[in-house]
Amino acid sequence: MKSIIVASTLTCALLLSGCGGTGEEGSRTAPATSPAPTAAPISGTGATAAVKGDAQALGVLAALDENEIALAQQAIARKLGGTTEDFAREMVTQHQADLDKVRALGVADSANAQALRAKGKAALDALAQENDENSYRNAFMATMNSDHADALKIVDAELMPAATGEAARQHLTQARKLIAEHYERAQAVVSSR
C-alpha cells in the first residue's frame with residue numbers, strides 16, 4: 001500500500017512539473033504570444049493611415065473641434081447649470097472659433113478625420129442615454145477630460161509631424177495650447193463639484 005502511495009505521488013509530481021507555471025510558455029494559462037506585434041494608432045480611432053500634409057492634419061483638428069462642439073451643445077441643451085454649463089458654453093465658443101480658423105487655412109477629409117467623427121458620434125449617443133442629471137454631468141465631464149487628453153496626444157504624435165507649412169504648424173501650436181487649457185479647465189470643473 002505504501003509503494004502505491006509513493007508511486008502515485010511521484011506520478012503526480014512528474015505530471016505537474018511538465019505544466020509550467022502561470023505565464024510560462026508551457027503553461028496552459030499563459031496568453032498566446034503574438035507572432036508579429038503591431039502598434040495601435042495613438043488616436044484610438046481605429047484608423048491606421050498616417051496623417052499626411054497640412055490639409056489632412058488640419059482636417060483631423062477640425063474633426064476634433066466638431067466633436068467638442070457637438071458634445072458641449074448637447075450639455076447646454078440639458079440645462080445643467082453651474083460650472084458645467086459654463087464650461088460647455090466656453091467649449092462651444094472656443095472650439096467654434098478654432099474651427100473657423102482651421103477651415104480658413106484649408107482642410108482635407110481623411111480616414112482619420114472620419115474615424116474621429118464616428119468616435120465623437122458614439123460618445124454623443126452614449127451620453128444621450130444618460131437620464132439622470134448627475135450621471136449625465138459626470139459622464140459629460142469624463143468625456144471632455146478624456147477627449148482633451150486624447151487630442152493632446154493626437155496633436156503631438158500625429159498632426160505636428162504631418163504638418164509641413166508654417167501656417168499649419170503655427171495654428172497647431174496655438175490649438176495645442178488651447179486644448180491643454182481646456183483639459184486643465186475640465187479637470188478644475190470636475191474637482192469643483
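Heads up: these notes are all about the structure in this document.

Cut-off values and rules
Residues numbered from 1 in each chain as written. Predicted model: local features only at pLDDT ≥ 70, side-chain atom pairs only at ≥ 80, totals over all residues. Heavy atoms only, no water. Helix = DSSP H or I, 4+ residues; strand = E, 2+ residues; numbered from the N terminus. Contact = heavy atoms within 4.5 Å. Salt bridge = Lys/Arg side-chain N within 4 Å of Asp/Glu carboxyl O. Buried < 20%, exposed > 50% of the residue type's maximum accessible area, 1.4 Å probe, protein only. Expected span 1.5 Å × (residues − 1). Arc of directions from axis to C-beta.

What follows concerns the side chain of H95. Within the fold, H95 resides in helix 3 (residues 82-105). Ignoring any residue separated from it by four or fewer positions in sequence, one finds H95 in contact with D65, E68, I69, H148 and H182.

All told, the structure shown has 9 salt bridges when counted by the stated rule. Between R185 and E90 there is a salt bridge whose closest N-O contact spans 2.9 Å. In this pair, R185 sits in helix 6 (residues 166-192) while E90 sits in helix 3, placing the two residues 95 residues apart along the sequence. By relative accessible area, E90 is classed as partly exposed at 28%. With a shortest N-O distance of 2.6 Å, R176 and D156 are connected by a salt bridge. Highlighted residues: R176 in helix 6 and D156 in helix 5 (residues 133-162), separated in sequence by 20 residues. On the basis of relative accessible area, R176 is assigned to the partly exposed category, the value being 30%. Judged by its relative accessible area of 38%, D156 is partly exposed. One salt-bridge network, held together by shared partners, links E66, R103, D109 and R117.

This paragraph deals with helix 4 (residues 111-128). The end-to-end C-alpha separation of helix 4 is 26 Å, in line with the 26 Å expected for 18 residues at 1.5 Å each. Buried residues of helix 4: N112, A113, A115, L116, G120, A123 and L127, and no others. Taken down its axis, helix 4 places every buried residue within 160° of arc, on the same side. Packed against the buried residues of helix 4 are helix 2 (53-77) and helix 5.

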